[in-house]
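# Inside the fold
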Amino acid sequence: MFATELDYRMSVCQIHLCSLLIKEHFGDIVEKVCTHLIQNGAKPLRVAAQETGLKIDQVRKALCVLVQHNIASFGLHKRGFVEYAASVEQVLLLVRYPRYIYCAKTLYGDAGELIVEEILQHGQMRMSTVVGRVTQRLSEGGQSVTNDHVKGKMEDLINTHFLQRVPAPPPDNNKAAFPELTISERDLYRVPASIEVTRGESDTSKRKRSTEDSDPQSSSKRLKIDSEEHAADEGILWHLNFDRFHKYLLDHEIVQAVSRRIDWNAAEVVRTMLRISELSKGLEDKTSHPISLNDTMRNLPKENNMKFGVVEQYFKLLSDDQTSIVTKVGETGGGSYTLDFQNACKALVVSTIESVVQERFGSKSFRIFKTLLLKKYLEQKQVEEFALIPAKEAKELLYKMFSEHFVTMQEIPRTPDHAPSRTFFLFTVDVSQVSRMLLERCYKSLANVISRRAFETKENKRLIEKSQRVEAIAASLQSHGADQSQTAEVEDMITPLEKNQLEKYRSKMSKLEQSELQVDSTIFTLGNFLRLESDS
Amino acid sequence: MAGRGRGRGRGGAMAFTAEVLGLGRGDVLPPTTSQPPPLFPPLEFRPVPLPTGDEWDYLLLLKQEFRNTMRDSPYYIKPQDKKKDIERYSDKYRMSNNSDNTIGWTPDWNRLPKELKIRVKKQGETAARSAVKAVPNLQAAKQISQKDVEVVTQRLAELEQKETEAASGDEKQEDEDEEEIDEEEYYDEEDQEEGTDYIVSYFDNGEDDVNDDDDGLDDGPIY
């Protein structure tokens, strides 16, 4: 169980970034514990406490938080004690949380947004609690919604596999040192029969609860005595199915890419293909199953009235494209096509790398790089000729890219003694190696951005606290019915100079955070490609 | 001999490599550097501005909000407050006492390994627990006292039969006194329970001590 998590490539940059992220979201203590677990692998409780120099209760608390947020997991060591491990991958997802929330908003509106937000804040939650809170928050925001509406949205999220059940402990684990969490395939996306929240409608909830009693989890109801409300879905917790979100985000990226490459109609065709394949394909598949032209025609949105001939043309265009996102596999049904996710990811990554090269080394270097990408292996002389750049300049540019590892070299000796005079030196671009390197740099820059933000906050701490105090005083004055002049007087406590500085600080913060989000979207693109690549 | 030969060979290769690399006779080699590259090299290409748009703006808002919520949430564990200069009486009544052995949220202990369970000490809970603790003591005390009363009353009845009315009246007075003493004992106990936690945990009814002492006295003088 842990072996796979530990085998995952971890780098110094990743670990550093993880510790910054955990520190920002869960505080210093959790950060210490989590970093220790990441660096040293699975550890039992007491050893972790000893090695981090924290109190055992602190470590306990930290582990509870980590387990709750799906970052840490526990298992039995073969010598019979419980040990804990933390997953780097999960921690790195913390940067992407806003995107999941946004994603839910675009799909399921405000209710969906709040549902995902609540669950992310708490790691895992009961359906009844989520529905209760979201309804309350929506009605506080001035929207009149019912529990049923929110519940419906949550069921939609579950049915589309965006949310899934957290593995549950066996019904009687009083004796075991740790609960063995399991979940069957069948239960993963099963909506509980009832989620009665209020205690007022005891009649209906009791009746419904008895149907749920066949569920093995229901016994946990009795064990949890400290909570006052007894919801019918006690013991059934939900968390995000991150893979599903990633799939959605990737689909979205592919559609965007096609729209940029060809046009919106082509993107619409691809979107329709994705929608058809969504129902049947697994998350890890590299290609969709064949989709025929007729099927696509039937499923195109109504408002898009493209003629059969036009769609056929678009299919031809798509399958002729050199990115080969869409490939033709047969003639049935007016021609059947598959979507190749691996090629799509590769196309996305290549264009990312190209833009990095262009911005870092300038357009002449970009020309060399592009030539290498097209021709695969080139000798130095050929590079100069194909890129149409004078020999001396080309040499300089090429070596610069070589020294920064964007370009690699392959030696092919003509004689077994590897003498340089009798060896071909072929320059080439290894896309997966470059994307690994860029991914590493992304982690590093993300860590840098976060520490810069922490530094800025520390520098301006006094000013921030002052402005918060002033705001609080002004707000309380306003609520007590003070007139304008009084509140203005309080607000004048911040001098124009300070105001200016605060403004500057805030704009810096938003810029830094914006960069975090955008670096993460690059990480997402690169990570997807490398994952599909390593599977093959 | 052999050494010289090898040296010559290497020299020849070196000279050849320079030509292969494209450095002609007349070319000036770049000067050798003896210092590390500058920490902040001049930027040749300025970074491009970040893309903007409604989507990014909204994501930024979401991010900031989420970060702030997390910082205020119970999952953000702060270390225990450091001891202040003076221990104040009011400290005890502060609601936000943040100590290491409390947890701000209720995890589902059923899902976690047993060893992680923290004995949560809440203010309301300690009171409840001390009340529970107090009950058995009281009952035990009561049973004993009731037994005593029964024994005493039985004896009193016997005495009543034997002795004169005046004498039995005195005995009754004694009985009542005994009961009053018992009641006083309960009050003492309850006072202690209602006080601070310290006394509860250190409370010792002294029964064990007495026994130990007895044993000690018995065993002591054996040589």
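Residues numbered from 1 in each chain as written. Chains lettered and ligands numbered in written order. Predicted model: local features only at pLDDT ≥ 70, side-chain atom pairs only at ≥ 80, totals over all residues. Heavy atoms only, no water.

We now examine the overall build of chain B. Along chain B, the regular secondary structure elements total six helices and zero strands. Going residue by residue from the N terminus, the α and β elements of chain B occur as α-α-α-α-α-α. Burial status across chain B gives 17% buried among its 223 residues. For chain B, the accessible area works out to roughly 18500 Å², and carbon and sulfur atoms hold 54% of it. (Helix = DSSP H or I, 4+ residues; strand = E, 2+ residues; numbered from the N terminus. Buried < 20%, exposed > 50% of the residue type's maximum accessible area, 1.4 Å probe, protein only. Areas by Shrake-Rupley, 256 points an atom, 1.4 Å probe, with all protein chains shown as cover.)

Another point: the domain arrangement of chain A. Residue and element names in this part refer to chain A. We note that the domain assignment places domain 1 (3-86), domain 2 (95-197 + 232-240), domain 3 (243-339), domain 4 (344-429) and domain 5 (435-535) within chain A. Facing nine residues of domain 1, the contacting portion of domain 5 comprises nine residues. Of the roughly 830 Å² buried between domain 1 and domain 5, counting both surfaces, carbon and sulfur atoms make up 67%. Counting across the interface, domain 1 meets domain 5 through one salt bridge. Counting every contact that joins domain 1 to domain 5 gives two residue pairs in polar contact (both at pLDDT 80 or more). (Domains from an automatic or database assignment. Contact = heavy atoms within 4.5 Å. Buried area = accessible area lost by both parts, 1.4 Å probe. Salt bridge = Lys/Arg side-chain N within 4 Å of Asp/Glu carboxyl O. Polar contact = N/O pair within 3.5 Å; in protein donor to acceptor, adjacent residues only side chain to side chain.)

Moving on to the UniProt feature "domain: RNA polymerase III subunit RPC82-related helix-turn-helix" (unreviewed entry) in chain A. Here the UniProt feature "domain: RNA polymerase III subunit RPC82-related helix-turn-helix" (unreviewed entry) sits at residues 16-75 of chain A. For residues 16-75 of chain A, helix accounts for 75% and strand for 10%, while the C-alpha atoms at its two ends are 25 Å apart. (UniProt positions renumbered as here; feature names shortened; annotations may be inferred.)

Turning our eyes to something else, we now look at the sheet that holds strand β6 (residues 237-240) of chain A. To summarise the sheet geometry, strands pair through backbone hydrogen bonds and adopt either a parallel or an antiparallel arrangement. All names here are of chain A. Strands sit in the order β4-β6-β5 across an open sheet of three strands; the sheet is antiparallel. The open sheet has two free edges, formed respectively by β4 (125-126) and β5 (163-165), since each of these has just one partner strand. Here β4 pairs with β6 via two bridges, running antiparallel. Looking across to β6, one finds that M125 is bridged to W238. (Pairing = 2+ DSSP bridges.)

Attention shifts here to helix α2 (residues 54-72) of chain B. Helix length check: α2(B) (19 residues) gives 27 Å between terminal C-alpha atoms against 27 Å at 1.5 Å per residue, within 8%. The inward-facing, buried residues of α2(B) contact α2 (12-26), α7 (97-122), α20 (431-459) and α23 (496-535) of chain A. (Expected span 1.5 Å × (residues − 1).)

Another point: the pattern of salt bridges. Residue and element names in this part refer to chain A. On inspection of all chains with the given rule, the structure shows 30 salt bridges over all chains. Of the charged contacts, one joins R271 and E268 as a salt bridge, the two residues approaching to 3.5 Å between their closest N and O atoms. One end of the pair, R271, and the other, E268, are both in helix α13 (residues 264-278), three residues apart, so they sit about a helical turn from each other. Residue E268 is classed as buried on the basis of its relative accessible area of 15%.

A few words on the interface of chain A and chain B. Each side of the interface is counted separately: chain A has 76 residues, and chain B has 48 residues. A combined buried area of about 5500 Å² lies between chain A and chain B, and 60% of that area is made up of carbon and sulfur atoms. Scanning the region where chain A abuts chain B turns up four salt bridges. With its nearest N and O atoms 3.8 Å apart, the salt bridge here joins R137(A) to E65(B). Along the contact surface separating chain A from chain B lie 10 residue pairs in polar contact (both at pLDDT 80 or more). Counting residues per element, the side of chain A that touches chain B draws most heavily on α7(A), which supplies 11 residues. Per-class residue counts for the side of chain A that touches chain B are 33 nonpolar, 20 polar and 23 charged. (Nonpolar A, V, L, I, M, F, W, Y, C, P; charged D, E, K, R; others polar.)

Moving on, we get to the packing of aromatic side chains. Describing an aromatic ring pair means giving the distance of the ring centres and the angle of the ring planes. One pass over the structure, following the stated rule, counts 13 aromatic pairs over all chains. Centre to centre, the rings of Y97(A) and Y100(A) are 6.1 Å apart; their planes meet at 50 degrees, and the pair counts as tilted. You can see Y97(A) and its partner Y100(A) sitting in helix α7, three residues apart, about one turn around the helix. Both residues of the pair, Y97(A) and Y100(A), belong to the buried class. When the ring of F162(A) is compared with that of Y248(A), the centres are 6.2 Å apart and the planes differ by 75 degrees; the resulting orientation is edge-to-face. Residue F162(A) is located in the loop between α9 (147-159) and β5, and its partner Y248(A) is located in helix α12 (residues 242-261); the two are separated by 86 residues in the primary sequence. Through a chain of ring-to-ring contacts, three or more aromatic side chains come together here, namely Y97(A), Y100(A), F162(A), F242(A), F245(A), Y248(A) and F66(B). For R99(A), the ring lying beneath its charged end belongs to F524(A), and the centroid distance is 5.5 Å. (Phe/Tyr/Trp six-rings, centres within 6.5 Å; stacked < 30°, edge-to-face > 60°. Lys NZ or Arg CZ within 6 Å of the ring centre and 35° of its normal.)

As a further point, take the nonpolar core. In this structure, Y100(A), M154(A) and I368(A) are the most contacted members of the largest nonpolar core, which totals 153 residues. Here M154(A) is in contact with I115(A), I119(A), M127(A), V130(A), V131(A), L163(A) and W238(A), once residues within four sequence places are set aside. (Core = buried A, V, L, I, M, F, W, Y, C linked by side-chain atoms within 4.5 Å.)

Residue and element names in this part refer to chain A. The strand order across the open sheet formed by three strands is β10-β12-β11, and the pairing between neighbours is antiparallel. This sheet does not close on itself; its edge strands, each paired only once, are β10 (378-379) and β11 (408-413). Bridge count between β10 and strand β12 (residues 423-428): two bridges; the pairing is antiparallel. What sits directly across from E379, in β12, is L426.

Next up on the list: unusual backbone geometry. Look at N70(A): it is not a glycine, yet its phi comes out positive at around 60 degrees. For N70(A), the location among the structural elements is in the loop between α5 (56-68) and β2 (72-76).

This paragraph deals with the packing of helix α21 (residues 461-479) of chain A against helix α22 (residues 484-491) of chain A. Packed helices, taken two at a time, are described by their axes: the angle between them and the distance between them. All names here are of chain A. The contact between α21 and α22 brings their axes to 9 Å, and the two run at 170 degrees. Viewed along their axes, α21 and α22 adopt a mutual orientation that is roughly antiparallel. Along its contact with α21, which presents V470, I473, A474, L477 and Q478, the element α22 presents Q484, Q486, T487, V490 and E491. Among the residues forming the contact of α21 with α22, the class breakdown is five nonpolar, four polar and one charged. (Axes fitted to C-alpha atoms, helices over the stretch in contact; angles between N-to-C directions. Parallel < 35°, antiparallel > 145°, perpendicular 65-115°, else oblique.)

Before going further, it helps to spend a moment on the confidence of the model for chain B. Residues and elements named next belong to chain B. Here chain B averages 64 in pLDDT, and 39% of its residues register 70 or above. Ranking the helices and strands of chain B by mean pLDDT puts α2 first, with 91, and helix α6 (residues 207-219) last, with 48. Here residues 122-136 scores under 50 on pLDDT; set against residues more than four positions off or in separate chains, the count is 11 contacts. The model gives residues 209-218 a pLDDT under 50, and that stretch makes one contact with residues more than four places away or in other chains. Both scores are given for the predicted complex: the pTM is 0.74, the ipTM 0.80. (pLDDT = per-residue confidence, 0-100.)

Residue and element names in this part refer to chain A. Interhelical geometry of α13 versus helix α15 (residues 308-320) gives an angle of 85 degrees and a closest axis separation of 10 Å. Classed by the angle they form, the pair α13 and α15 counts as roughly perpendicular. Residue-level contacts link N265, A266, V269, V270 and M273 of α13 to V311, Y314, F315 and L318 of α15. Across the contact of α13 with α15, the residue classes tally to eight nonpolar, one polar and no charged.

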